[in-house]
Protein chains: 2
Amino acid sequence: MKRILPIVWITAQLVLPGTPLRLYDVSLSRAQEVRDPLPSWNEGAAKRAVIDFAHRVTKEGGADFVPFAERIAVFDNDGTLWSEQPVYAQFVFALDRIKALASEHPEWKEKQPFKAVLEGDTKALIAGGEPAIAQLVTATHAGMTTEEFKGIVKKWLAAAIHPRFKRLYTDLAYQPMRELLAYLQAHGFKTYIVSGGGVEFMRPWTEQVYGIPPEQVIGSSGKLNYEMRDGEPILFKLPEVDFVDDKAGKPAGIQKFIGRRPIFAAGNSDGDLEMLQWTAPGGGSRFGLIVHHTDAVREWAYDRKSLVGRLDAALDEAEKRGWTVVDMKRDWKTVFPFSGGKTSNRE
Amino acid sequence: MKRILPIVWITAQLVLPGTPLRLYDVSLSRAQEVRDPLPSWNEGAAKRAVIDFAHRVTKEGGADFVPFAERIAVFDNDGTLWSEQPVYAQFVFALDRIKALASEHPEWKEKQPFKAVLEGDTKALIAGGEPAIAQLVTATHAGMTTEEFKGIVKKWLAAAIHPRFKRLYTDLAYQPMRELLAYLQAHGFKTYIVSGGGVEFMRPWTEQVYGIPPEQVIGSSGKLNYEMRDGEPILFKLPEVDFVDDKAGKPAGIQKFIGRRPIFAAGNSDGDLEMLQWTAPGGGSRFGLIVHHTDAVREWAYDRKSLVGRLDAALDEAEKRGWTVVDMKRDWKTVFPFSGGKTSNRE
């Protein structure tokens, strides 16, 4: 990249001194794609559908051409861009934070759901249901500035190890999906995350892992309070939910934050159903994609009955609406960046 | 632009087939600025400060260099980018909608604040205070889909005439601020609107008037409900406030939507004080700008005691924090695009 920039820049300056150029708005012909843009995808219907879509919407003069500005793609995160099993990384983060903060909160030893966390009593934790989870999230995600929280997340991510793969959580981003993000970005797409996860939990690392900047991350959030501390302005994280970006909240979040309808959506669970319906109601120059977890050897196999990442109604609707269902075992040559070309047992 | 693209594209393709280029991340030297980038600004301290800032933060290797991704600029809208006198355009829109909808609501004839609007009784309207305004906004901004509302706004803007200038409201965008937006955009800035106005009222026209796309508009909003209507997904505007993007809400909104701290903020009233504090707390490679309305001949003169766009605490704080106060009468050669080179009486 560095080598070519000066040449292009000089050429540009001859005609347009001082003007930066926007060169995204081009369609790439097949001939120009010398290298395989999705090397971690096996050849098959899913890979073909994605590539066909990218060509269709970027082909100027074509029936399905979509102007640069309208090329918005939205991606769920947990289970779509990185692993969500055996449980969401953000939940592990919350439990780890409870343990780290326990010495400052001696009362937690006798108080649920904190007691359950400290004693590793999963049964009591599950019995607490959603209110228990809300209490844990509040205790670990509020009561500090946004900058302080960012630092805590970064520190945790640099150290926490996934129980099965013995890797950092950010290593569990799916290589094929990273290629898909880069491929769409190369075709002028603005790629967004639209996740039920906490927005401030994702923003510190999405740029590095997915090439998605903070302002293109939409997620659940707590309320913020602007205040002055020793003459310096801060944003304080309040223990109050502001927005839940899941299920019907996803299309609402898309409108709130983006203000236009995407043309590409990828998800993996029923939490993504409404986002997929809103983005790809059927036909035309719109694309819906579902990552179907079918690979217990290389990752996990789960769908209709899973507690985490349950995929049931959305799987049924995929057929009706013509969404592309990616069979992880069949369609992905590689799952994780660290696993290289290793394929599943079936192949 | 069209003429140069093929040349640049061919050059690029020689080395990087199929790869789009991002050429924003460059600093422009003074020598490259052959033409005056801010022709509607008079020479003076304000213009010089803006240009110096742009050079400083884009000068690679310089002490104040800011990488491309961090070049975020936020602008208030009413009174900063377009006129807000004698009253906010969106308020005129609401009153016009009440009148247009009156035949469907015979009960409004006897019910405040609708009665006051229909009878043109300003005194009664003002007496109703904020609750009255909230009722008017609810009656005119909710109870329809986001798409329907967008259509209503576009239709209104294409027809409504400003009482003093006898022009469309969008003609009342300040030419110097449009040039400033373009100038920062040319220096790799991502420009955002951060306004107390309704986000769905602004998005239909900000791209055309300011070069700011819908996803870079942050504003006040109502709650949205996702639902199916005849098998098609819609987002229905509920009569419930979701977010008020004013005063301390502005830095909170910036964090919610952008997730990083801007380095440039422009406002014109005390409603922008917290946004300016958050963006430009003082010193370094950050810039605060206040549009001071000092020109009763070409626009309006108002500040500390104005009902609309009151500028008092922020004007005092500007000196303390080193923000640039733009004196409209002195610093702007032209105010509106339609007024050409016409200058104020004083000159």
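Keep in mind that this is a model prediction, so the values were computed, not measured.

### Examining the overall build of chain A
In step 1: Summing up its helical and strand segments, chain A has 12 helices and eight strands in all.
In step 2: Classification of the 347 residues of chain A by burial places 56% in the buried group.
In step 3: Considering only intrachain contacts with a sequence separation of at least 6, the fraction spanning at least 24 residues in chain A is 65%.
In step 4: Approximately 14800 Å² of chain A is accessible, and the part contributed by carbon and sulfur atoms is 54%.

### What to know about the environment of serine 220 of chain B
Residues and elements named next belong to chain B.
In step 1: Within the secondary structure layout, serine 220 lies in strand 3 (residues 217-229).
In step 2: Take serine 220: its relative accessible area is 14%, and that puts it in the buried class.
In step 3: Distance in space between the C-alpha atoms of serine 220 and glutamate 200 is 8.6 Å, their sequence separation being 20 residues.
In step 4: When neighbours within four sequence positions are excluded, serine 220 is seen to be in contact with Ser195, Gly196, Gly197, Gly198, Val199, Phe243, Val244 and Asp245.
In step 5: Within the structure, serine 220 has its side chain in polar contact with the backbone nitrogen of aspartate 245 (distance 3.0 Å).

### Overview of the environment of phenylalanine 264 of chain B
Residue and element names in this part refer to chain B.
In step 1: Checked against the element boundaries, phenylalanine 264 lands in strand 5 (residues 264-267).
In step 2: Here phenylalanine 264 falls in the buried class, since its relative accessible area comes to 0%.
In step 3: On a C-alpha basis, the gap between phenylalanine 264 and proline 163 in space is 33 Å, while along the polypeptide they are 101 residues apart.
In step 4: The residues touching phenylalanine 264, leaving out its near neighbours within four places in the chain, are Phe53, Ile72, Ala73, Val74, Phe75, Leu180, Leu184, Phe189, Thr279, Phe287 and Leu289.

### Structural notes on the domain arrangement of chain A
Residue and element names in this part refer to chain A.
In step 1: Taken as a whole, chain A is organised into domain 1 (44-85 + 173-339) and domain 2 (89-159).
In step 2: Between the C-alpha centres of domain 1 and domain 2 there is a distance of 26 Å.
In step 3: Contacts between the two partners involve 15 residues from domain 1 and, on the opposite side, 17 residues from domain 2.
In step 4: In total, domain 1 and domain 2 occlude about 1400 Å² of area from one another, counting both sides; carbon and sulfur atoms represent 73% of this.
In step 5: Of all residues in domain 1, the largest losses of buried area upon contact with domain 2 belong to Phe201, Pro204 and Lys237, amounting jointly to 48% of the total for that side.
In step 6: Counting the contacts that link domain 1 with domain 2 gives one salt bridge.

### Here's the deal with the side chain of aspartate 270 of chain B
Residues and elements named next belong to chain B.
In step 1: Mapping aspartate 270 onto the fold places it in the loop between strand 5 and helix 10 (273-279).
In step 2: Here aspartate 270 is buried and forms no salt bridge, its nearest opposite-charge partner arginine 310 lying at an N-O distance of 4.2 Å.
In step 3: Of the polar contacts made by the side chain of aspartate 270, one reaches the backbone nitrogen of aspartate 312; its length is 2.8 Å.
In step 4: A distance of 3.2 Å separates a polar side-chain atom of aspartate 270 from the backbone nitrogen of alanine 313.
In step 5: Ignoring anything within four residues of it in the chain, the contact list for aspartate 270 reads Arg310, Leu311, Asp312, Ala313 and Ala314.

### With respect to the packing of aromatic side chains
In step 1: Per the counting criterion, the structure on display carries 43 aromatic pairs over all chains.
In step 2: Centre to centre, the rings of phenylalanine 93 of chain A and phenylalanine 149 of chain A are 5.9 Å apart; their planes meet at 85°, and the pair counts as edge-to-face. Placement of the pair is phenylalanine 93 of chain A in helix 3 (residues 89-101) and phenylalanine 149 of chain A in helix 6 (residues 146-159), with a sequence separation of 56 residues. The exposure classification of phenylalanine 93 of chain A matches that of phenylalanine 149 of chain A, with both residues buried.
In step 3: Seen from their ring centres, phenylalanine 53 of chain B and phenylalanine 287 of chain B are 5.1 Å apart, and the 40° between their planes marks the pair as tilted. In this pair, phenylalanine 53 of chain B sits in helix 2 (residues 45-58) while phenylalanine 287 of chain B sits in strand 6 (residues 287-294), placing the two residues 234 residues apart along the sequence.
In step 4: For phenylalanine 53 of chain B, a relative accessible area of 0% puts it in the buried group.
In step 5: Judged by relative accessible area, which is 7%, phenylalanine 287 of chain B ranks as buried.
In step 6: By way of ring pairs, the aromatic residues Trp41, Phe165, Tyr174, Trp300, Trp332, Phe336 and Phe338 of chain A are connected into one cluster.
In step 7: Lying across the ring of phenylalanine 149 of chain B, lysine 237 of chain B places its NZ or CZ 4.6 Å from the centre.
In step 8: Lying across the ring of phenylalanine 243 of chain B, lysine 256 of chain B places its NZ or CZ 4.6 Å from the centre.

### Quick notes on empty space enclosed by the protein
In step 1: Using the criterion set out here, one finds six cavities of 30 Å³ or more in the structure.
In step 2: Size it by volume and the largest cavity reaches roughly 100 Å³.
In step 3: In terms of lining residues, the largest cavity is bounded by Lys190, Tyr192, Glu215, Gln216, Val217, Ile218 and Phe257 of chain A together with Lys190, Tyr192, Glu215, Gln216 and Phe257 of chain B.
In step 4: Listed by contribution, the elements that provide at least two residues to the lining of the largest cavity are strand 2 (190-198) and strand 3 (217-229) of chain A together with strand 2 (190-198) of chain B.
In step 5: Per-class residue counts for the lining of the largest cavity are six nonpolar, two polar and four charged.
In step 6: Empty space within the second largest cavity amounts to approximately 50 Å³.
In step 7: As for the second largest cavity, its lining consists of Val199, Glu200, Ser221, Gly222, Leu224 and Lys237 of chain A together with Lys256 of chain B.
In step 8: Of all the secondary-structure elements, those providing two or more residues to the lining of the second largest cavity are helix 8 (199-210) and strand 3 of chain A.
In step 9: A total of three residues in the lining of the second largest cavity trace back to one element, the largest contributor, which is strand 3 of chain A.
In step 10: Classifying every residue of the lining of the second largest cavity by side-chain character gives two nonpolar, two polar and three charged.

### Looking at the pairing of strand 5 (residues 264-267) of chain A
All names here are of chain A.
In step 1: The alternating pattern of strand 5 places Phe264 and Ala266 and Ala265 and Gly267 on opposite faces, both of which are buried.
In step 2: Pairing geometry for strand 1 (residues 72-75) and strand 5, over three bridges, is parallel. Bridge pairing links valine 74 to alanine 265 in strand 5.
In step 3: Pairing of strand 5 with strand 6 (residues 287-294) involves four bridges; the strand directions are parallel. Residue alanine 266 lies in a different strand from strand 6, and its bridge partner there is leucine 289.

### A word on the side chain of serine 195 of chain B
Residues and elements named next belong to chain B.
In step 1: With respect to the helices, strands and loops of the structure, serine 195 is situated in strand 2.
In step 2: Residue classification places serine 195 among the buried positions, given a relative accessible area of 0%.
In step 3: For serine 195, the side chain forms a polar contact with the main-chain nitrogen of glycine 197, separated by 2.8 Å.
In step 4: In contact with serine 195, not counting residues within four places along its chain, are Asp76, Asn77, Asp78, Met202, Ile218, Gly219, Ser220, Asp245 and Lys250.

Reading the values: the criteria
Residues numbered from 1 in each chain as written. Chains lettered and ligands numbered in written order. Predicted model: local features only at pLDDT ≥ 70, side-chain atom pairs only at ≥ 80, totals over all residues. Heavy atoms only, no water. Helix = DSSP H or I, 4+ residues; strand = E, 2+ residues; numbered from the N terminus. Buried < 20%, exposed > 50% of the residue type's maximum accessible area, 1.4 Å probe, protein only. Contact = heavy atoms within 4.5 Å. Areas by Shrake-Rupley, 256 points an atom, 1.4 Å probe, with all protein chains shown as cover. Polar contact = N/O pair within 3.5 Å; in protein donor to acceptor, adjacent residues only side chain to side chain. Domains from an automatic or database assignment. Buried area = accessible area lost by both parts, 1.4 Å probe. Salt bridge = Lys/Arg side-chain N within 4 Å of Asp/Glu carboxyl O. Lys, Arg positive; Asp, Glu negative; His and termini not counted. Phe/Tyr/Trp six-rings, centres within 6.5 Å; stacked < 30°, edge-to-face > 60°. Lys NZ or Arg CZ within 6 Å of the ring centre and 35° of its normal. 1 Å grid on protein atoms, 1.4 Å probe; cavity = no way out; pocket = protein on both sides within 12 Å on 5 of 7 lines; lining within 4 Å. Points joined across faces, edges and corners; volume = space filled by probe spheres on them. Nonpolar A, V, L, I, M, F, W, Y, C, P; charged D, E, K, R; others polar. Pairing = 2+ DSSP bridges.

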